[in-house]
Amino acid sequence: MRNHFVLNLLNKGATSKLPENVIINILVRLPAKSTLRFRCVCKQWLKLTSDHDFIKLHFEIATENGNLRLMVGRENMYSTNLGSIFHNVNRSKKIFHKEVLEIDYPFKARRWGMSVVGSCNGLLCVANLAQQICIWNPLTNMYKVVSSLSLDVLGCHGNILGFKYGFCYDSHAEEYKVVRIIDLEYDFSVIEVYVEGSNTFEAYTRIPFSFTFGDVFGVLVNGNLHWIGNHRSGSGSLILAFRIRDESFAELPLPENVKDLSRVSIGVLGGDLCLTDYRPHTFSIDVWVLKVSVRGETSSWSVSLTIHLPFTTASLSLVGVKLLHSFKNGEILLRRDANTLLLYHPTDVEPRIVKIRGIPDA
């Protein structure tokens, strides 16, 4: 319907008479494929749809309408639209099946595989095994290569144990930033920040933490990226918060009752930092939420939800459950494992299951 409306405007030559804000208001509500198609209409529309603010607004509207796209990186990149699941009003249906399709992606010809290591406003930060990193718009298939620090300079500090990433938009500087943490064998890890405007990584900083547990990508809440870490001194585990604006650090405690970090993941619930603790012996997930006082001086953890898993997905696997997205209606989307998503509403007894098909075993 909206596509026909725009086509009628084009046929009548009416678009040249419309104010720019009206054009934006129309284009931002179109499906992704239509937006891509109408980029070719004229230079003005190409410029509008390439703007950071337009991409962000288009993503926010699509997300709230349930038009989410799942992107999975393995040896190749795969994608599927989850919108039909969110628009299904039959809550008695407990199991859905979605087929993924292989798609084109940056560096595909080099056969190094590709992983999504961050997302922000509809843009993805992706990296391969060769540590080639780029910021990618899957809608237009345009991408920008991130010029990364040579890992050779870190060789004298021991073996590299792993990498963590963060991707965000710095609204103060009005540019995107990529954060990479290099977990080293000896006394420290290294954190470096790529700034879109200068197209370079800044000088790296040593930090006294290791990052054995938690997801590869940092969780963005209130201008801070968060990862689960451990003090190199052996004094315990924590959540490390990295403030994007001034690139400073803060340490946040974990909930006292959370002990096994192999089954823990952090995310965002209703705008607050949350933590999911998978409890295999009760086939359930505790969702902890960190509430900060009005003045921001104190914070405390409390269990917001306990989700009982269907026995068809129960497992004693060490893999935790990741909260991927929370909707305004209270519904939340979780990743159970590489091929299973869970869709849960607080009024449901158990979450609905989304089985993902078509992804080769890793």
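Relevant structure appears above.
Residues numbered from 1 in each chain as written. Predicted model: local features only at pLDDT ≥ 70, side-chain atom pairs only at ≥ 80, totals over all residues. Heavy atoms only, no water.

(A) Geometry of the overall build of the chain. Counting secondary structure elements, the chain contains six helices and 26 strands. Within the chain, contacts between residues separated by at least 24 positions form 48% of all contacts whose residues are at least 6 apart in sequence. Within the structure as shown, the chain displays about 18,400 Å² of accessible surface, and the carbon and sulfur contribution to it stands at 52%. (Helix = DSSP H or I, 4+ residues; strand = E, 2+ residues; numbered from the N terminus. Contact = heavy atoms within 4.5 Å. Areas by Shrake-Rupley, 256 points an atom, 1.4 Å probe, with all protein chains shown as cover.)

(B) Quick peek at the sheet that holds strand β8 (residues 142–146). Read across the sheet, four strands follow the order β5-β6-β7-β8 without closing on themselves; strand pairing throughout is antiparallel. The sheet terminates laterally at β5 (115–120) and β8, the two strands that pair on one side only. Between one strand axis and the next, the sheet turns through 25° on average, direction left out of account. (Pairing = 2+ DSSP bridges. Axes fitted to C-alpha atoms, helices over the stretch in contact; angles between N-to-C directions.)

(C) Expanded view of helix α4 (residues 43–50). When we look at burial in α4, the residues that qualify are Trp-45, Leu-48 and Thr-49. Taken around the axis of α4, the buried residues stretch over an arc of 90°, which confines them to a single face. Pointing more than 90 degrees away from the buried face of α4 are the exposed residues Lys-43 and Lys-47. (Buried < 20%, exposed > 50% of the residue type's maximum accessible area, 1.4 Å probe, protein only. Arc of directions from axis to C-beta.)

(D) How the structure looks around the packing of aromatic side chains. The final tally for this structure, using the stated rule, is five aromatic pairs. Aromatic pair Phe-163 and Tyr-165: ring centres 6.4 Å apart, planes at 25°, arrangement stacked. Looking at Phe-163, the relative accessible area reads 22%, which means it is partly exposed. In textbook terms, an aromatic cluster arises when at least three aromatic residues are bridged by ring pairs, as seen for Phe-167, Tyr-169 and Tyr-176. Here the guanidinium or amino end of Arg-180 rests over the ring plane of Phe-201, the centre of that ring lying 5.7 Å away. (Phe/Tyr/Trp six-rings, centres within 6.5 Å; stacked < 30°, edge-to-face > 60°. Lys NZ or Arg CZ within 6 Å of the ring centre and 35° of its normal.)

(E) Broad picture of the sheet that holds strand β20 (residues 272–279). In space, the four strands of this open sheet follow the order β19-β20-β21-β22, with antiparallel pairing throughout. Whereas interior strands pair on both sides, the edge strands pair on one side only; in this sheet they are β19 (264–269) and β22 (299–308). Direction aside, the axes of adjacent strands within the sheet are offset by 30° on average. Relative to β20, β19 runs antiparallel, the two sharing six bridges. Bridged to Ile-266 within β20 is Leu-275.

(F) Spatial organisation of the packing of helix α2 (residues 20–27) against α4. The interhelical angle for the contact between α2 and α4, taken along N-to-C directions, is 65°, at an axis separation of 11 Å. With respect to the hand of their crossing, α2 and α4 are arranged in right-handed fashion. The segment α2 lies against α4, with Glu-20, Ile-23, Ile-24 and Leu-27 engaging Gln-44, Trp-45, Leu-48 and Thr-49. Residues belonging to the contact of α2 with α4 are distributed by class as follows: five nonpolar, two polar and one charged. (Left-handed = near helix turned anticlockwise from the far one by under 90°. Nonpolar A, V, L, I, M, F, W, Y, C, P; charged D, E, K, R; others polar.)

(G) Quick look at unusual backbone geometry. Phi at Glu-174 is positive, roughly 55°, even though this residue is not glycine. Unusually for a residue other than glycine, Phe-283 sits at a positive phi of about 50°. Here Phe-283 shows up in the loop between β20 and β21 (284–292).

(H) Structural view of the pairing of strand β11 (residues 189–195). Burial analysis of β11 places seven of its seven residues in the buried class, which makes it a mostly covered element. Side chains Ser-189, Ile-191, Val-193 and Val-195 of β11 all project onto a buried face; the interleaved residues Val-190, Glu-192 and Tyr-194 project onto the opposite face, where all are buried too. By the bridge criterion, six bridges tie strand β10 (residues 175–184) to β11 in an arrangement that is antiparallel. Considered in β11, the bridge of Val-178 is made with Tyr-194. Joining the antiparallel neighbours β10 and β11 is a turn of four residues. Inspection of the sheet shows β11 paired to strand β13 (residues 205–207) by three bridges, in the antiparallel sense.

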